[in-house]
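# A structural walkthrough
Below are the chains, spelled out letter by letter.
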Amino acid sequence: MADKQGDLVQGTLDMLILKTVALEPIHGYGIAVRIEQVSNRVFKVNAGSLFVALQRLNRAGFIRSEWKASENNRRAKYYALTEYGRKRLASETRDWGRQVSAIAKILEAT
Amino acid sequence: MSWLRSFASGLRALFRKEQVDRELDEELSGFLEMASEEKVKGGMDHQGALREVRLERGSLGVTKEVVGTSGWESFVLSLWQDLRFAGRTLRKNPGFATVVILTMALGVGANTGIFTVVNAVVLKPLPYPDSDRLLTLWERSRSDGLDSTVAPSNFYDWRAQNRSFAKMAAIDPYPDFILNGTGEAQRLSGADVTGDFFSLLGTRMGLGRDFLAEEDRPGQNHVVILSYGTWQRYFSGRPDILRQAVTLNGAAYSVVGVLPRDFSFVSKAADYQARNQFDLFRPMALPVPPPEWMRGTHPLCVLARMRPGVTLQQAQADLAGIAANLERLYPNQDKEKGIAAVPLGQHVVADVRGALLTLLAAVGLLLLITSANIANLVLTRATARGQEIALRAALGASLARISRQLMTESLVLTAAGGLLGLLLVYASVPALVRHLPPDLPRKAEIAVDGRVLIFTGVVALAAGFLFGLTPIFHARGSLRLGGRGVAGGRSRLRSSLVVGQVAMALVLLAGAGLMAKSLWRLLEVPPGFRTEHVLTARLSLPPQYTNGFKFGTGMHRAISAFQRRLLDRVRAIPGVQSAAFAAYLPLSGVDNSWSFEIEGRPPKPPGESDEVNYRPVGPGYFETMSIPVSRGRGFTAADNEDGPLVIAINESMARTFWGAADPIGQRVSFSEDKWRTIVGIVGDVHHQGLDLKAAPEMYLPYAQAPNVEARPTIVLRTSVDPLNIAIPLQKVVAEIDRTVPIDRVATMQDLVTNSAEQPRFRTAVILTFSLLALFVASIGLYGVMSQVVSQRTQEFGIRMALGATRGGVLLSVIGQAAKLIGIGIALGLTGAALLSQTIARLLYGVAPLDGVTFAGVTALLVIVGLAAVYVPARRAAKCDPMWSLRYE
């Protein structure tokens, strides 16, 4: 059971996935683990949300997938960022930054 | 193009479902194992690790389900499931499915059929480019508001002076041509048109070319354009017909063009002396400018095409200015005359539009009644399926999901029924067109087209949606109440459906009753002449009979001689009792009227004249047609070219112009210096239609007519079946002169019947609809009362056990039904009373609120309705109390 803090803000999972696959081609489990590690286990990624998001991003053309052998010689589907996805990530990051600083200003003002 | 990728991968998921599933399985199990390996490394046993992962990350099955249903294709998949499920359910219950599909096919088919006609005749744009800019122009008399055809000189001035029209063309429908040299002499119906007639319509020739401007000049116009049908029939579709000489009326013409196969001149038959299609066209070749006498004769129909951007109001204002100018310049002929401009499409269907829309409304009511029946059936089934639905709800199906499933079932039935209805219509269009009244405009365009398909689809879907809602309401009710039925609510819904059916059926019956009574009244009108045992046929006299004729000179001797010879031979045919000639036959759609003056009365002011119908007839006509001569005498052989000029008038004319005075011996004259003495008064005849009042008429001896009537109709009174005389008559005509074509061979009875074809057709259609409605509504009543009886069986058992009689039970059931019928009738009568005003224009001799009709159809409905409920009521009365108490 993910507690309240572990819930991702609506729509941010897509951005986190894009950021994660931007570093190198990576399989689903790897994405989940990395998001958890990097966030110091603030976020916990549910398999259902993860794979729905992957399918959506794949269909939208932001990422592409490829079956490859994994580190322990199992076949796994690896996801990599497309050029289109890279642009998307950049714009989303920019928007996110703007929103966060705006929210911060509002919170500081009160 | 991300939607394209989404679409493509969705399609892949649909069509490569197994592979996509396998990949997802592999990916997810990989995920599970990687996660659990992590745990095992941390010291857990394998099973425990798997359980832990499932807890942390959610179950694989659910994940798979969630991923699988996240794309758009999953909607398609579940729809497919629903469709298959619907198909299975309906196959298990073929009786239900068949009844619903057939009922639906009936409702949708009838609607589509009528719409196909309405679409072609009223709704479709005319078959010409930019047809909304086409107008017809008429001379409108300001004193009586009537429109009339146009004088050539007026047409010439309108065309020269207007600023609103890109083109203005005229058509003169009178010329007839006798085609010689292709076997038997053939009479072709022709029209003279101004040179730009076809370019105004936007018609391109199928073969050859349009008329040239120089061919539209006097003396240059020996060229013709043939209709496609004429080209095929008389010239076997030979392409070398172009520029070949053909002999028409004894003169050489060359064919310059052939119209395309699909050309049809959209027109109202009444404007063109009962002709609406022409075999050939010739340039009119109006003299430039037309001589002044052409302002006093009015043969032309005028078409105009508005310039782009010009509105109807602007065009009308422009024409009003021209009319005022002409009135000032020509006070004698154009006094009190305006110009009426009517869009061509509106003008052509003005007479039939109301009737067709009425039929469409009637067939719409029929559809509502059939839909109500289907709703009732579906509801009965929904009751039976209550448990299944409750079970599905208990297993977790949402109301939305169940509703979708139920709606899918209804729509599958609808689609099947609608498709069947459409196929029926598609197959029956040729038969439908044959049974339509012959003078219905635009009949040739009737076909199932895109609009019809859309109409059928919308109607069927709307009907399916409506009756698909009823089981959903029912399912909602039963789910809320935990699976047990809600008998009260359901039977209220069913009862209101039946009340509605009864009401709508009564509206239709009332409409049909009014129309039937009106038709009966119409056919009862005495036409003023004998209709039994009379044969008529039209002859066309070639130019050798009419050459050298000048207006008023009475060069009839050649025609008279021909007529005398023919009559002598015809009267000798066994079975012929008498025979005579007439120029204009009653109810034939052919007519003429002339203005005249009465001797000794002051001349009329300019712009006004007395005008009556004008009928040249031969000796023996009144006797042959049994038109009574009430005073004076009829015509004899002595009333010929050499005899004193005489006329006979009908009673209407005597009343209108002489009142109580005696017209016999009075003299009248046409615009010539000859006085004609009235020698007889004859009975009134309904010449233009049984529904129209007999008009004032004057009869002249054929041989004394001031004009030449080159198309005499021969009338024969026979002692045998008149059609038996048709062949001998044709033989005799051919023996006397091979170059005289004979056509329109018909009995007088046929002409009378045809004249009432429009009211007969609409009455037949609405009568059929209303009887179907009555039938369907009584089935609805029967169904509801059967249901009521089976619900109340226990109650009846108890009542009878407590001493109620069978009669009492019977009455109680019938009483319940009578209440429904009563409410329905009250609503129906109110509706009928409100709606009957809208068909007042279609009625003849019967008031829209005709009490006898309303009472009659109400009685019919009561009798049929009670008969329908008598069966279930008797079943209730017959049931065994012991058995019915155990009944559940």
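Predicted, not measured: the structure shown is a model, and the values here were computed from it.

Quick look at the interface of chain B and chain A now. Facing 18 residues of chain B, the contacting portion of chain A comprises 16 residues. Elements supplying a minimum of two residues to the side of chain B that touches chain A: helix H1 (2–15), helix H2 (17–41) and helix H4 (60–68) of chain B. Ranked by residues supplied to the side of chain B that touches chain A, first place goes to H2 of chain B with six residues. Taken together, the residues that form the side of chain B that touches chain A break down as six nonpolar, eight polar and four charged.

With that out of the way, let us pick up the environment of Ser267 of chain B. All names here are of chain B. Its place among the elements puts Ser267 in the loop between strand S9 (251–258) and strand S10 (280–283). By C-beta crowding, Ser267 is classed as buried, having 22 other C-beta atoms within 10 Å. Each C-alpha atom, one on Ser267 and one on Thr103, is 38 Å from the other, the two residues being 164 residues apart in sequence.

Residues and elements named next belong to chain B. Geometrically, the link from Val288 to Pro289 is a cis peptide bond, its omega value of -10° lying close to zero. Mapping Pro289 onto the fold places it in the loop between S10 and strand S11 (301–306). In this model, Arg442 sits at a positive phi of 60°, which is unusual for a non-glycine residue. Relative to the assigned elements, Arg442 resides in the loop between helix H15 (399–435) and helix H16 (450–480). For Leu587, which is not glycine, the phi torsion reads 60° and is therefore positive. Inspection of the secondary structure puts Leu587 in the loop between strand S14 (576–582) and strand S15 (593–598).

What follows covers the packing of helix H2 (residues 28–38) of chain A against helix H3 (residues 47–60) of chain A. Residues and elements named next belong to chain A. Two elements in contact, H2 and H3, have axes whose closest approach is 11 Å; the angle formed by their N-to-C orientations is 115°. In terms of crossing hand, the pair formed by H2 and H3 is right-handed. From H2, Gly28, Ile31 and Ala32 reach across to H3, where they touch Leu50, Phe51 and Leu54. Residue composition of the contact of H2 with H3, grouped by class: five nonpolar, one polar and no charged.

Right, let's talk about the domain arrangement of chain B for a bit. The domain architecture assigned to chain B consists of domain 1 (2–71), domain 2 (144–335), domain 3 (353–524 + 757–886) and domain 4 (541–740). Distance between the C-alpha centres of domain 1 of chain B and domain 3 of chain B: 54 Å.

Residues and elements named next belong to chain A. Strand order across the open sheet formed by three strands is S1-S3-S2, with antiparallel pairing between neighbours. Two strands close off the open sheet at either side, each with one partner strand: strand S1 (26–27) and strand S2 (63–69). One ladder, built from seven bridges, connects S2 with strand S3 (residues 75–81); its direction is antiparallel. Bridged to Ser65 within S3 is Tyr79. Packing against the sheet, helix H1 (residues 12–23) makes contact with S1, S2 and S3, and its axis sits at approximately 100° to S3.

Conventions and cut-offs
Residues numbered from 1 in each chain as written. Chains lettered and ligands numbered in written order. Predicted model: local features only at pLDDT ≥ 70, side-chain atom pairs only at ≥ 80, totals over all residues. Contact = placed C-beta atoms within 7 Å. Helix = DSSP H or I, 4+ residues; strand = E, 2+ residues; numbered from the N terminus. Nonpolar A, V, L, I, M, F, W, Y, C, P; charged D, E, K, R; others polar. Buried ≥ 20, exposed ≤ 12 C-beta atoms within 10 Å, placed from the backbone. Axes fitted to C-alpha atoms, helices over the stretch in contact; angles between N-to-C directions. Left-handed = near helix turned anticlockwise from the far one by under 90°. Domains from an automatic or database assignment. Pairing = 2+ DSSP bridges.

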